[in-house]
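Here's the letter readout for the chains.
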Amino acid sequence: MNVKAFVPMSSVHFLLKALEDQGVDSAELLSSLDISKKDVEFGNSFPAHKYGLLYQHIMFLVQDESFGMLSGGKVPNGTFRMMCLCIIHARSLAHSLYRCSDFYEICRGPIIKPVLIKKGRYAMVTFAPLDSASVEDVENLMKTESKERFRTTLSMWHHFISWLIGRRLSLKAAYFTCDRPDDLEYYKTLFQSEVKFGQHANALVFPASYLDLPVVQTEESLRGFLKTAPYQLLVMVDNDNSLKSQVMSMLGKDFSRDVLSADEVASALSMSVSTLRRRLNDENTSYQQIKDECRKEAAITYMNAPQLSISDIASLMGFEEPSAFFRSFKKWTGVTPGEYRKNEEYLKFEKGFKEVSTG
């Protein structure tokens, strides 16, 4: 299986270390999911579909949906679904973020909540203590947490907000309270914006105009989203600052909505369409090739998720009829979805998924 979508190994190491810190042996979990410990220790990148499945099962094992993110406590499984149901009917992005903050106030487990602050032309999503939380506990949490947890938290919130509005949230900046990390370039690739460290808060800063956008997701699209979470909250682009990586990051992973046009991408990057095409040509690619590659990789990643039916995948990919998805998938890969899932590696991976799910 040629799956190009990946996450950096540093994210995998962080996830497994956090699991070990809770006294859980990761070796058995990796083995059950047919993930080689050697690949984890010496690999350069990690398949996104396996990372998503690994993340799902870790959250199940430790019974904590906030695992790997800032929270200060365990968040019971099922909480994220209920939060989404509370906010996807909001009249705008701003309304949904205010509702989200209110939801955290009655949620068991965390001691911090996301908050929206609007100042003039810009808005900020940052974190604040719950009304019931001790300021001292929150300060200690912020002092002792790792850089990776701050990065994971802001990145996942960034992509969750993008999913809500059906388009990438273009950031002005990402702020971190921690010191400048060694892998600064990865941060720039991840957030596609200015990145500042040693700041007074961990925050996403973006144009306030986004706050008036409607929430485009529905309870139906939420079902598919939850089956694959945190896949759509991950960034699977090369760890570089190439224009191709920037375009891939902007296109995102939600193909149930209209994909950005070349004009819209060029405008967001403050360049003309002709300049976009010329620079992509210099990188031996084109906007259409990148879009096709993103759709193909998303489809393959979804196909590698045993919990998704072909109908689920067709919906996630934006096809109204599964038959249309069948034709497109065969065009992309040379085989039908059914033939693809008879692949020996997929069947072995599916077996591991079922063993963990029922064990």
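Calculation notes
- Residues numbered from 1 in each chain as written.
- Predicted model: local features only at pLDDT ≥ 70, side-chain atom pairs only at ≥ 80, totals over all residues.
- Heavy atoms only, no water.
- Helix = DSSP H or I, 4+ residues; strand = E, 2+ residues; numbered from the N terminus.
- Rg over C-alpha atoms; globule rule 2.2 N^0.38 Å.
- Contact = heavy atoms within 4.5 Å.
- Areas by Shrake-Rupley, 256 points an atom, 1.4 Å probe, with all protein chains shown as cover.
- Lys, Arg positive; Asp, Glu negative; His and termini not counted.
- Charge placed at Lys NZ, Arg CZ, Asp CG, Glu CD.
- Salt bridge = Lys/Arg side-chain N within 4 Å of Asp/Glu carboxyl O.
- Buried < 20%, exposed > 50% of the residue type's maximum accessible area, 1.4 Å probe, protein only.
- Pairing = 2+ DSSP bridges.
- Axes fitted to C-alpha atoms, helices over the stretch in contact; angles between N-to-C directions.

Trainee: For this particular structure, what's the right way to read the overall build of the protein?
Mentor: What the protein contains, in helices and strands, is 18 helices and seven strands. Against the globule reference of 21 Å for 359 residues, the protein gives a C-alpha radius of gyration of 20 Å, in line with a compact fold. Overall, the protein is about 60 × 55 × 40 Å in size when its C-alpha atoms are taken along their principal axes. Pairs at least 24 apart in sequence give 67% of the contacts found in the protein among residues at least 6 apart. Of the roughly 17,000 Å² of accessible surface on the protein, 48% is carried by carbon and sulfur atoms. Measuring between centres, the 43 positive side-chain charges of the protein sit 4 Å from its 44 negative side-chain charges.

Trainee: I'm lost on the pattern of salt bridges in this one. Help?
Mentor: Side chains carrying opposite charge are able to pair once their charged atoms draw close together. Per the counting criterion, the structure on display carries seven salt bridges. Residue Lys17 pairs with Asp21 through a salt bridge whose shortest N-O separation is 3.2 Å. Of this pair, Lys17 and Asp21 both sit in helix H1 (residues 9-21), four residues apart, roughly one helical turn. Asp21 shares its class with Lys17; the two are exposed. Linking Glu105 and Lys113 is a salt bridge whose minimum nitrogen-to-oxygen distance equals 2.6 Å.

Trainee: Help me understand the sheet that holds strand E6 (residues 194-196), please; the structure alone is not making it clear to me.
Mentor: Picture the strands of a sheet paired through backbone hydrogen bonds; they go either parallel or antiparallel. With respect to topology, five strands assemble into an open sheet ordered E3-E4-E7-E5-E6, the strand pairing being mixed. At either end of the open sheet lies a strand with only one pairing partner, and these are strand E3 (112-119) and E6. Pairs of neighbouring strands in the sheet enclose a mean axial angle of 20°, with direction left out of account. Here strand E4 (residues 122-129) runs beside strand E7 (residues 203-207); their pairing, made up of four bridges, is antiparallel. From the neighbouring strand, Met124 faces E7, where its bridge partner is Val205. Against the sheet, helix H6 (residues 93-105) engages E3 and E4, with an angle of about 150° to E3.

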